[in-house]
Each structure stands twice: as structure tokens, then as C-alpha cells.
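Structural features, examined
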Amino acid sequence: MIPEIGQLALILALALALVQAIFPIAGAHKGNTSWIALTKPSALGSLLFMTIAYGCLTYGFLVHDFSIKYVATNSNTSLPTLYLITGVWGAHEGSLLFWAYTLSIWTGVVTLFSRSVPQAMVARVVGVMGIVTVGFLLFMLLTSNPFVRLLNPPAEGRDLNPLLQDPGLAIHPPMLYMGYVGFSVAFAFAIAAMLSGRLDAAWARWSRPWTNVAWMFLTLGIVIGSWWAYYELGWGGWWFWDPVENASFMPWIIGTALIHSLAVTEKRGAFKAWTVLLAIFAFSLCLLGTFLVRSGVLTSVHAFATDPSRGVFILLFLSVIIGGSLLLYSWRASQIRSSVHFKLISRETGLLLNNVILVVTACSILLGTLYPLVLDALGVGKISVGPPYFNSVFIPLTAPLAALVGVGALAHWKREDGLVLARKLAIPLVLSVGGGFAISIWLLPFFDWGAVLGLVLAIWVTLTMSLWFREQGGVAGAMGALKNITRAGWGMFFGHLGIAIFIVGVALTSIYSTEKDLRIEKGQSYSLGGYDFLFNGAERTAGPNYLADRGEVVVSKDGEHVVTLHPEKRDYRSGMPMTEAGIDAGLTRDLFVALGEPLGDQGAWSLRIYHKPFVRWIWLGGLFMSFGALLAALDKRYFRLARKARLEAEAQAAEGAA
């Protein structure tokens, strides 16, 4: 009965999504208030039925309803409850249901919390999101139904992918999907603005908080995914330039350009074309990521599906979204041009360079990701594009970007006196270069130019943002700054400070990390990074749904005990072995031990040990950036606009009643 209820809920959600996609847009175009009035009930009704559908699949997991094919394929009775809940989105069909459910949540929230936006604009925005919802629900019902029944249900299910049996799965996919789908809001506002012909600063102001929230979620999703891969895969790395990692990173890069471009469009009325195109491309890259993960065109630990027919559907949907958006853009091109002028030395110029660099960076990553796939599809041959290409492209492009952070923050809108700006930046520049060299020479294990560059850029960003902070206080200094800076200003401060922290983490852990693969017997030790690792053997243990060899490694430094680590090699019911690393985390270093395979009959094991300085700063920087985006989204002016709109609506209602 539960699968039938879930499937019926999906069909009803599709029906309401069709209403949502047609009538609000048509009503806004014709000025038909009755059709516009369907916006809220259709969006919230679709959300209700999506909640029922998602709840039915979750219930199927919790009660072990193996008559549902998806449940039988991705769970069993010994799976812990946490993974029964998170397993709902652990494979293709369920993750697609979660995608569509997340989209309905975003639509409902936009419907409820856009009181400061004219009703006609909200109708168009929600209508565009309805079109996207229709596409995904059709995809689900036609090719990826999570409620397909088995005629002969098995007594026991298979197993959830062991890679996903980790608490990180409870956090990473929801954050990533909230970011992916959240960019549909920015996309919908851009399309709605073009449909209405109202491409002024207002639509950028309405779109900004939603875009900041989406960017925050995507940042958190990427950060948590990097952290999860670091400790779960046993490789000791934090980023592998995997095609699916790139698929989430590209919309993040374009989204970063978008939130800066929206600021210029709102404050100065400039960059209208940039902002519209960035909104289109950010969401298009989110859809491209969905295509890559689910089409079977690539092999990855993150990939969900291997059915090419599903990929064809998404590719057609992606073509419709991009093609339709660009056609609409070409139709409205004459109205999108900005007539605002600014001097060569100005904040606008800095933000324009920011956009150009970020777009070129995203295109370079897109080329490296898709080029091997295109060659393979054409039968030309197989090539592999890996970290050497991406690092050689990414670092030279993003280093100038970090340098621009300080310049852009301290420059004024419209025009800036070059000599005045140069005087402001002279002391931070000297201190940054001097500090970078001093730390590299006296405090780091050995001198490296890459470390110097990273430290110089990090110190530069920190000092210029500190100078910006001081300027906000005027004659009152720091206390005045604490009083004067808005939440959006604090958001910029913490976001850019996060960049500095991230740069330190990337530079130092990439250059100064050490590792060793060992054959080691019980009682033997090895020294690495100033630490001694003593192996005390491994013993067989049992978990809820796996058997494991659990090692014991005692770590000491200068004869003092530091920590005892317990790396594991697990064998799950599915037959898939997994490595659970033993990690001692610290602010300035991580000690990482991964247990390999037994070697011979003398108690010897293969062991991989790492000393990774400052690796935690990578994720700490991402958290700072996310916090900055949240502060920017919660700026008081958005609440003032909402309160003003509510008071105006109440006044109009009172006049009507009189």
C-alpha cells in the first residue's frame, strides 16, 4: 500500500507542478489576478504531495519493505537506523526524489517569504521553478521511479553502498542538493525579470539573499564532501579533481561570480547582462552535474547510475533549459544593456575582473572535465585529464583573484584616485611580502616558493580586509566599525577572511605533507614528521553489519604519548571492503593512519601513514565563507523591505474594507 500512496503522491505533485508552471506565468502576462492567485496553493500543494512521497519511501526503508525494489537493493535488516534514513538518497532513484523534494521546498519557501516582491514577479518566479519541477518529476516517473514493486520480494535486502555508510552521508548530500537546487531560484528570478521586461536593480535585490543562501549551502556541501572523502576513502587527500567533484565546483565558481555581479547590479545598475547570464549558467552547470552523475558517461565513487537512456533525458532537458533561456536573453538583449559608466580604477573594474577570471577558471575546468568524455564518445580514443592539468590551470588563474580581493574591497564605487589607493595598499603589500618570506624562512621545515606565494596572498587578504574594517569605523576606529558595519559587510569580511584561511591550508598541506607506505609487523615502529608510530597488531572485530580487522597504532613524540589510533579494514555484507582511517585531528596538523592488507603469516600488515600540516584550515576557510554568505543573506535591509511590504498590504486591505 505504501508504494502506491507514494506513486500517487508523485502524480498529484506533477499535476500541481503543471498548474504552477502554466497559470501563474500566464496570469502575470495577461494581468489575470485569478490565475496569479493559483501561485501559492499550487506550490504549497506540490510541496505537500512531495513530502508524502518522500515520507513513504523513508517509511519503506524503516520497516524493511523489500517489495519496493529500491529498498531491497539499498538496505537490509541489519543496517543501522541512521543509514536506513540516509539511504533514501543513497542511490539514483532516491536521490532524484530528494532532488525534486528539495526543489519543492525551495519553491514553497520562496512563495512564503517573498512578501516584498510584487505578486506578478513572484508568480513568474514560481512558474519558472514549476517548469523545472515538471521536468524532474517526468524524469522520475518515466525512467527512475523509486516505487517500483518486486513481484517476488526477497526475505533480505542487499546492502547500502559501504562508502555511504558514514555520518557524513547524513550531511553532505542535503547540503549539496540545497545548493544545487537553490541556484534555480536565482535562475528563476533572472528568467522572470526577462519575461517581465523589468531588468532594473529591483530584481537583483530580490534575488540576492536567495543566491547567498544557495551559495552557502553549496559551499558547505563541497566542504563536507571534501572532508568525508579525506577520512572515508583512505587516500589522505582532500580534493582529487574527480569529474563529479568538478561538477559541483563549477557551479560554485560561477555562483561566486554571480553573488558579486548581483551586488553591482543592485547598487549601481551595472553588469545586467553579466548577472543574467551568470544566473543561467550557474543553474545550467548544476543540471550538467546531474547529467554527469546519472548518465553513465563516467566512472566515479560519486556516480549514481549507468543507464544511458536516463542521460539522454537529462541532456534533452538541459538543452531545453539552456536553449530556451538564451533565446529569451537574445529577445531581451536590448533591454539588458547597462548604461552606467565607471572609471578604470574603481570597485566596478575590480569586480568585472573578478567575473572574468572566475568564468575563465570555470571554463578551463569544464574543458578538462568534458574533453576526455567527448573524445571517448566520438571513438577517437581515451585520454585521462588529472590533477597536473587542473592545478596548472587553476593556480595561475586564482592567485591574481586573491590579490584583487584587497583592491576591490578598498576601492570606491564609480571612481577611485589611483595614488590614494596605492598609498592605502603600500603598507599591506610590504608587510605581506615580508611576512610571507619571514615565515617561510624561519618557521617552516624548508623554503618553498609555492609556500611563499600562498602565505603572501593570505597575509595580503587578511591585512587589506583589516584595513577595510578600520575604515568603516571612521574617526571612531574599531568601535565605530563594530557599530557601523552591516550584516552584509560582515558577510564580506568573513567570506574574504575564509579565503585567506583556505589559502594557508592548501599551500602548507600540499607542500609540507609527508607520507609513507609500510610493511610493518607487530611491535615495529616508524618515524614520520617528528612522530613515532608503533604498530601493536590488528584483531578481528564485528560491527552492526560488517566484520573488521582493527589495528592499534600508538603515536608518540619525543618519548611522550600523543594518541592511540585504531584504523580498520572492514568487510561488509555486500562483499565490498572499506578502509576506515585512524585520524588524530589538530589545528596545525593531522596524523592519519590507514590499514591495508595482511602480508604473509607473520602478523605483518601494509600500513599507510601521513603527517598533514594545516589540512584542517582548508575546511575551516570554507566554514568562514559559508558563515559570511549567511550573514549577507540576513542583512537587515531585506527584513525592512519585507516589513514595509507587509504594512503596505495591511493598509491596502484596510482601505478596501472601508
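Residues numbered from 1 in each chain as written. Predicted model: local features only at pLDDT ≥ 70, side-chain atom pairs only at ≥ 80, totals over all residues. Heavy atoms only, no water.

**Structural notes on the packing of helix α15 (residues 387-410) against helix α16 (residues 418-442)**
Put simply, the test is: An axis is simply a line fitted to the C-alpha atoms; with a helix, the fit covers only the stretch in contact. Between two such axes, the angle follows the N-to-C directions and lies from 0 to 180 degrees. By the criteria applied, helices consist of DSSP H or I runs no shorter than four residues and strands consist of E runs no shorter than two, each listed in order from the N terminus. Any angle from 65 to 115 degrees is called roughly perpendicular, while one under 35 is roughly parallel, one over 145 is roughly antiparallel, and all others are oblique. With the far helix as reference, a near helix turned anticlockwise by less than a right angle produces a left-handed crossing, and one turned clockwise produces a right-handed crossing. Working rule for contacts: check all heavy atoms of both residues, and any pair within 4.5 Å makes them a contact. By the convention adopted, Pro, Cys, Tyr, Trp, Phe, Met, Ile, Leu, Val and Ala count as nonpolar, Lys, Arg, Asp and Glu as charged, and the other residues, Gly among them, as polar.
Viewed as axis vectors pointing N to C, α15 and α16 meet at an angle of 130°, and their least axial separation amounts to 11 Å. Classified by the angle their axes make, α15 and α16 are oblique. Considering only the axes of α15 and α16, their crossing is right-handed. Taking contact as the criterion, the partners of G406, V407 and L410 in α15 are, on α16, L421, K424 and L425. Looking at the contact of α15 with α16 residue by residue, the classes come out as 4 nonpolar, 1 polar and 1 charged.

**Some remarks on the pattern of salt bridges**
Worth spelling out the cut-off: Put simply, a salt bridge is a Lys or Arg side-chain nitrogen that is within 4 Å of an Asp or Glu carboxyl oxygen. Only protein chains enter the accessibility calculation, which uses a 1.4 Å probe; a residue whose area is less than 20% of its type maximum is buried, one above 50% is exposed, and one in between is partly exposed.
Counted according to the given criterion, the structure contains 14 salt bridges. A salt bridge links E348 to R268, with the nearest nitrogen and oxygen atoms 2.5 Å apart. Linking E348 in helix α14 (residues 347-378) with R268 in helix α10 (residues 243-268), this pair joins segments that are 80 residues apart in sequence. The partner of R570 in a salt bridge is E580, and the shortest N-O contact between them spans 3.9 Å. Residue R570 is found in strand β6 (residues 568-572), and its partner E580 is found in strand β7 (residues 577-580); the two are separated by 10 residues along the sequence. Here E580 falls in the buried class, since its relative accessible area comes to 11%.

**A look at the pairing of strand β10 (residues 604-613)**
Condition: When DSSP finds two or more bridges between a pair of strands, those strands are recorded as paired.
Burial analysis of β10 places 8 of its 10 residues in the buried class, which makes it a mostly covered element. As paired elements, strand β1 (residues 514-520) and β10 share 7 bridges and run antiparallel to each other. Each bridged residue has a counterpart across the sheet, and for E515 the counterpart in β10 is Y610. Note: strand β9 (residues 589-599) against β10, 9 bridges, orientation antiparallel. Across the sheet, V593 pairs through a bridge with I609, a residue of β10.

**Quick notes on the packing of helix α17 (residues 449-472) against helix α19 (residues 487-512)**
Following both chains from N to C, one finds α17 and α19 inclined at 165°, their axes separated by 9 Å at the closest point. The angle between the axes of α17 and α19 places the two elements in the roughly antiparallel class. Between α17 and α19 lies a crossing of left-handed hand. Partitioning the contact of α17 with α19 into residue classes produces 19 nonpolar, 6 polar and no charged.

**Notes on the nonpolar core**
The condition is simple: Among the buried residues, those of types Ala, Val, Leu, Ile, Met, Phe, Trp, Tyr and Cys that are joined through side-chain atoms within 4.5 Å form a nonpolar core.
In terms of nonpolar packing, the biggest core is built from 145 residues, with L57, W99, W106, L137, F189, M194 and W203 touching the most fellow members. Looking at which element gives the most residues to this core, the answer is helix α9 (residues 201-232), with 19 residues. For W106, the contacting residues outside a window of four places in its chain are M129, M178, V181, G182, V185, W210, V213, A214 and F217. Counting 29 residues, the second-largest nonpolar core is a separate cluster that includes L410, M465, F469 and L631.

**Let's talk about the domain arrangement of the protein**
In plain terms, the rule: Residue ranges labeled as domains rest on an automatic or database domain assignment. Buried area: the sum, over both parts, of the accessible surface (1.4 Å probe) that disappears when the two are put together.
Structurally, the protein comprises domain 1 (1-162), domain 2 (166-416) and domain 3 (514-614). Here the C-alpha centroids of domain 1 and domain 3 sit 43 Å apart. Tallying the contact residues gives 9 residues for domain 1 and 7 residues for domain 3. Across the interface of domain 1 and domain 3, roughly 670 Å² is buried in total on both sides, 54% from carbon and sulfur atoms.

**Some thoughts on empty space enclosed by the protein**
Just so we agree on the cut-off: Cavities and pockets are defined on a 1 Å grid built over the protein atoms alone: a cavity is a set of grid points where a 1.4 Å probe fits but cannot escape, while a pocket is an open set with protein on both sides within 12 Å along at least five of seven lines, and lining residues are those with an atom within 4 Å of any such point. Grid points are joined across faces, edges and corners, and a volume is the space filled by probe spheres set on the points.
Within this structure, the stated rule accounts for 1 cavity of 30 Å³ or more. Estimated volume of the largest cavity: approximately 30 Å³. What lines the largest cavity is G135, F136, F139, F313, I314 and F317. Those elements that provide at least two residues to the lining of the largest cavity are α7 (119-143) and α12 (308-331). There are two domains that each give the lining of the largest cavity at least three residues, and those are domain 1 (1-162) and domain 2 (166-416).

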